[in-house]
Amino acid sequence: MVDSMKINVNRVEKSRIGEVDFDNISFGKIYSDHMFRASYKNGQWNTFDIIPFGSLSISPASQTLHYGVSVFEGMKAYKNEQGQPVLFRPLENQRRLNRSAERLCIPALPEEIFMEGLTQLLKMDQAWIPGQENTALYVRPFIFSTEEYIGIKTSDSFDFLIITSPVGAYYSAPVKVKIEMEFARAVRGGTGYAKAAGNYAGSLYPAKLGQQQGYDQLIWTDGQEHKYIEEAGTMNLMFVIDDVLVTPELTDTLLHGITRDSILTLARDMGIPVEERKITVNEVVSSLQQGNMTDAFGVGTAATLTHISVIGYEGTDYILPPVQERTISNRLKETLENIKKGRAEDKFGWVVPVI
Ligand SMILES: *Cc1c(COP(=O)(O)O)cnc(C)c1O
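Keep in mind it's a predicted model, so treat the numbers as computed, not measured.

A few words now on the side chain of His34. Tracing the backbone shows His34 in strand S2 (residues 34–41). At 3.1 Å, the side chain of His34 forms a polar contact with the backbone nitrogen of Val12. Non-local contacts of His34, meaning those with residues more than four positions away in its chain, are made with Asn10, Arg11, Val12, Ile50, Ile51, Pro52, Phe53, Leu121, Met124 and Asp125.

Here it is, written out as structure tokens:
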């Protein structure tokens, strides 16, 4: 499928990096100088460019604008202790992008294009990878239809883009979450497991109602009965109940997080008992009432490991122990950070140098 991976490069005349205050970066507001683009036409991915970050020209009849024919990924590039740019399990993102793409009839993107585009872009913009603790260069690869056609059909032309953004912490403090008993994010047979644009559009309204009630995020429950715990908006969920680390098992209604997999792998390696299984809302609420739940947290690339301070259910707020007492999650978080930063042995081969 790949003609030849010749990337045309058009550099910015003047870098914008001098305008960035790297000691005060929030999430997702600043973009680096360049972006990578591959275009799909006539059955192949055939043009590859690195161009200045900037606006795109898009038909008002684009299938993306009308029908959400778009899938994305989220990953981070870090500087390790030695100052070298590294990626964390990037091939997992490439594979998941293609699983999402398949669900929306978007053509698969070959590994070579993903990795070559990513590497070349990061080499060029490596000065944008911040080095401060809790910062990273967030990398957003995405594919969308560029087809001009107002009818509903599978598209024939697409763009794959990678843009990057220096980021600080996604959440600055532990989060308050509400168990959502009315709305649903995903249903069996739907697109919940895909990072498909529409999933996130559909979650905005319930999340807004939750925010009006004082919650940062929702805990989604299954769309059929609202009986089982699923995940949060951008994070998979983990609980420590009776000293066991429990997390919902993978189904087609939740995102198969790479951070989730990494945390479970580390936990098993440390000898922490782990269960991937169905978790009922009842179990969560009763273990909160009885004090058997000693920890609850979300895991995802953007937010890394974020502690949950409060779980709200049907108007009652249950308060979790202070973060200093959360031995299991604190240990897991620290170990993961140390591996990414090159301070701990990378025994699972997760860290990939960019150069
Ligand atoms: C991206 C995402 C996650 C986390 O996945 P990671 O691979 O760990 O970043 C969890 N839930 C949802 C809904 C997501 O979009």
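Attention shifts here to unusual backbone geometry. Within the chain, Arg89 stands out as a residue other than glycine whose phi angle is a positive 45 degrees. Note that Arg89 resides in the loop between strand S6 (85–88) and helix H2 (90–103). Classification of Arg89 by relative accessible area gives buried; the value is 12%. Although it is not a glycine, Glu314 adopts a positive phi angle of roughly 45 degrees. Within the fold, Glu314 resides in the loop between strand S15 (304–313) and strand S16 (316–319). Classification of Glu314 by relative accessible area gives exposed; the value is 58%.

This brings us to the domain arrangement of the chain. When the parts of a complex come together, some accessible area is lost, and that lost area is often used as the size of the interface. As far as domains go, the chain holds domain 1 (7–167) and domain 2 (175–335). One C-alpha centre belongs to domain 1, the other to domain 2, and the line joining them spans 28 Å. With 18 residues of domain 1 at the interface, the matching set in domain 2 holds 18 residues. Buried surface at the junction of domain 1 and domain 2, summed over both partners, amounts to about 1500 Å²; 59% is from carbon and sulfur atoms.

Here the focus is the packing of H2 against helix H3 (residues 111–124). Packing of H2 against H3 leaves a shortest axis separation of 10 Å and a crossing angle of 130 degrees. Regarding the angle of H2 to H3, the classification is oblique. You can see that H2 and H3 cross each other, and the crossing is right-handed. Within the contact between the two elements, H2 uses Pro90, Leu91, Asn93, Gln94 and Leu97 and H3 uses Glu111, Phe114, Met115 and Leu118. Broken down by class, the residue content of the contact of H2 with H3 amounts to 6 nonpolar, 2 polar and 1 charged.

Judged by side-chain polarity, Tyr67, Ile150 and Ile152 come together as a nonpolar surface patch covering roughly 340 Å² of accessible area. In this fold, Ile152 is placed in the loop between strand S7 (136–145) and strand S8 (158–167). On the basis of relative accessibility, which here comes to 72%, the residue Ile152 falls in the exposed class.

Turning next to the environment of Gly68. Of note, Gly68 is situated in the loop between helix H1 (63–67) and strand S4 (70–72). For the pair formed by Gly68 and Glu225, sequence separation is 157 residues and the distance between their alpha carbons is 27 Å. Dropping the residues within four chain positions of it, Gly68 is found in contact with Gln63 and Leu104.

This paragraph deals with the nonpolar core. Counting residues in each nonpolar core, the largest one holds 39 residues, and the members touching the most others are Phe36, Trp45, Leu118, Ile143 and Phe160. Elements with a minimum of two residues in this core: S2, strand S3 (44–52), strand S5 (75–79), H2, H3, S7 and S8. Sort the elements by how many residues they give to this core and H3 lands first, with 7 residues. Membership of the second largest hydrophobic core comes to 26 residues, among which are Tyr171, Val177, Val284 and Met293.

Tallied over the full model, the rule gives 17 salt bridges. For Arg37, the salt bridge goes to Asp49, with nearest N and O atoms at 3.7 Å. You can see Arg37 sitting in strand S2 and its partner Asp49 sitting in strand S3, a full 12 residues away along the chain. The class of Arg37 is partly exposed, set by a relative accessible area of 25%. The closest approach of N and O atoms between Lys178 and Glu180, which form a salt bridge, is 3.7 Å. What makes Lys178 buried here is its relative accessible area of 15%. Note on Glu180: relative accessible area 3%, which makes it buried. Residues joined by salt bridges that share partners form a network here, namely Glu81, Glu133 and Arg343.

Quick look at the site of the ligand now. Around the ligand, a shell composed of 15 residues is seen, among which Lys195, Tyr200, Glu231, Thr259 and Thr301 lie nearest. Note that an oxygen atom of the ligand is positioned 2.5 Å from one of the side-chain N or O atoms of Tyr200. One of the side-chain nitrogen or oxygen atoms of Thr301 is found 2.6 Å away from an oxygen atom of the ligand. Alone, the ligand offers 380 Å² of accessible surface; in the complex the protein occludes 96% of this. Of all the cavities here, the one that holds the ligand is the largest pocket. Across the shell around the ligand, the residue classes tally to 4 nonpolar, 7 polar and 4 charged.

Cut-offs and rules
- Residues numbered from 1 in each chain as written.
- Predicted model: local features only at pLDDT ≥ 70, side-chain atom pairs only at ≥ 80, totals over all residues.
- Heavy atoms only, no water.
- Helix = DSSP H or I, 4+ residues; strand = E, 2+ residues; numbered from the N terminus.
- Polar contact = N/O pair within 3.5 Å; in protein donor to acceptor, adjacent residues only side chain to side chain.
- Contact = heavy atoms within 4.5 Å.
- Buried < 20%, exposed > 50% of the residue type's maximum accessible area, 1.4 Å probe, protein only.
- Domains from an automatic or database assignment.
- Buried area = accessible area lost by both parts, 1.4 Å probe.
- Axes fitted to C-alpha atoms, helices over the stretch in contact; angles between N-to-C directions.
- Parallel < 35°, antiparallel > 145°, perpendicular 65-115°, else oblique.
- Left-handed = near helix turned anticlockwise from the far one by under 90°.
- Nonpolar A, V, L, I, M, F, W, Y, C, P; charged D, E, K, R; others polar.
- Patch = residues over 30% accessible without salt bridge, like charges linked within 9 Å, V, L, I, M, F, W, Y side chains within 5 Å.
- Areas by Shrake-Rupley, 256 points an atom, 1.4 Å probe, with all protein chains shown as cover.
- Salt bridge = Lys/Arg side-chain N within 4 Å of Asp/Glu carboxyl O.
- Core = buried A, V, L, I, M, F, W, Y, C linked by side-chain atoms within 4.5 Å.
- Near = heavy atom within 4 Å.
- 1 Å grid on protein atoms, 1.4 Å probe; cavity = no way out; pocket = protein on both sides within 12 Å on 5 of 7 lines; lining within 4 Å.
- Sits in = over half its atoms within 2 Å of the grid points.

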